[in-house]
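# Commentary on secondary and tertiary structure
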Amino acid sequence: MANPLVSVVVVCFNGLKITRRCLAGLLNQDYDPREIIVVDNGSQEDIRGMVAREYPRFRFLGMDRNLGFAGGYNRGMEAARGKYVAIINNDAVASPQWLGALVAAAEQDEGIGAVASIIADGNRPDVLDSCGVGLALDGMSRQLMRGLPVPVLDAPKEVLLASGCACLFRTDALKAAGLFDESFFAYCEDTDLGLRLRWAGFRTVVAPSAHVTHCYS
């Protein structure tokens, strides 16, 4: 059976150097078929020129202003053609196995609406930045297991939510739950969407081998 098409969306607002590094990681994925969609949120830096010169097969969407994390990723997800849509911060770098690992986890069960990554701290690659997201007693969302050693998983692990830093969504699940709420602009939009996916009847898991390094721009 042929692999399903996956659309990968990257949003940037300036940060040409870190965006180039992120795109290089996506070019080196061992999974096909995939389309890469770069959404530029009105940068002053020449992101469009860099993508055209160095990644001519990637799709580019230029916004005339900064729509924030939520708005930028929504424009990319609206343009996506894949069975799955993956998103990744432009200050994160994916391992070559990242996309394939996300898809493999999602394909195990149609009830999985989102797949989270194992995200390491870019300053301390052996230390975890996130392994899914949970809710704290104060009502705020928190990165699960932050500061602990990077775990080794032998099977998908269910979590409450996926971090928007790097994750994958089933397109049909997004149709049921909706996209990001753009009133959040930046931060906690992934928590809101993750909860809506739960309320729509979908589960979220962390995928073994879906490793990403988050360098924090």
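Residues numbered from 1 in each chain as written. Predicted model: local features only at pLDDT ≥ 70, side-chain atom pairs only at ≥ 80, totals over all residues. Heavy atoms only, no water.

Bringing the nonpolar core into the picture now. With 38 residues, the main nonpolar core has Ile88 and Trp98 as its most contacted residues. Ranked by the residues each element gives to this core, the list is headed by helix 4 (residues 98-106), at seven residues. Judged by nonpolar contacts, the second largest core, of 30 residues, contains Val9, Ala162, Phe169 and Leu193. (Core = buried A, V, L, I, M, F, W, Y, C linked by side-chain atoms within 4.5 Å. Buried < 20%, exposed > 50% of the residue type's maximum accessible area, 1.4 Å probe, protein only. Helix = DSSP H or I, 4+ residues; strand = E, 2+ residues; numbered from the N terminus.)

With that out of the way, let us pick up the state of the cysteines. Think of a disulfide as a covalent bridge from one cysteine sulfur atom to another cysteine sulfur atom. Taken as a whole, this structure holds zero disulfides when the rule is applied. Residue Cys22 stays outside any disulfide, its sulfur separated by 9.1 Å from that of Cys165, the closest cysteine. Assessed through its relative accessible area of 1%, Cys22 is described here as buried. You can see Cys167 has no disulfide; the closest cysteine sulfur is in Cys165, sitting 8.8 Å from it. Take Cys167: its relative accessible area is 0%, and that puts it in the buried class. (Disulfide = S-S within 2.5 Å.)

So, on to the environment of Met77. Following the sequence through the fold, Met77 ends up in helix 3 (residues 68-79). Taking the C-alpha atoms as reference points, Met77 and Val8, 69 residues apart in sequence, are found 8.6 Å from one another. In this view, Met77 contacts Val9, Val85, Ile87, Phe169, Leu174, Leu179 and Phe180; residues no more than four positions away in its chain are not counted. (Contact = heavy atoms within 4.5 Å.)

A few words now on the pattern of salt bridges. Inspection of the entire model under this criterion finds 15 salt bridges. Across the pair Glu54 and Arg20 runs a salt bridge whose closest N-O atoms are separated by 2.9 Å. Taken together, the residues Glu54 in helix 2 (residues 47-54) and Arg20 in helix 1 (residues 16-27) connect sequence positions 34 residues apart. Here Glu54 falls in the partly exposed class, since its relative accessible area comes to 33%. Residue Arg20 is classed as partly exposed on the basis of its relative accessible area of 29%. A salt bridge links Arg59 to Glu35, with the nearest nitrogen and oxygen atoms 2.9 Å apart. Note that Arg59 is positioned in strand 3 (residues 59-62) and Glu35 in strand 2 (residues 34-40), a separation of 24 residues in sequence. Each of the salt bridges in this network shares a partner with another, and the network as a whole consists of Asp109, Glu158, Arg198 and Arg203. (Salt bridge = Lys/Arg side-chain N within 4 Å of Asp/Glu carboxyl O.)

The quantities given are spatial measurements derived from coordinates; they are silent on function.
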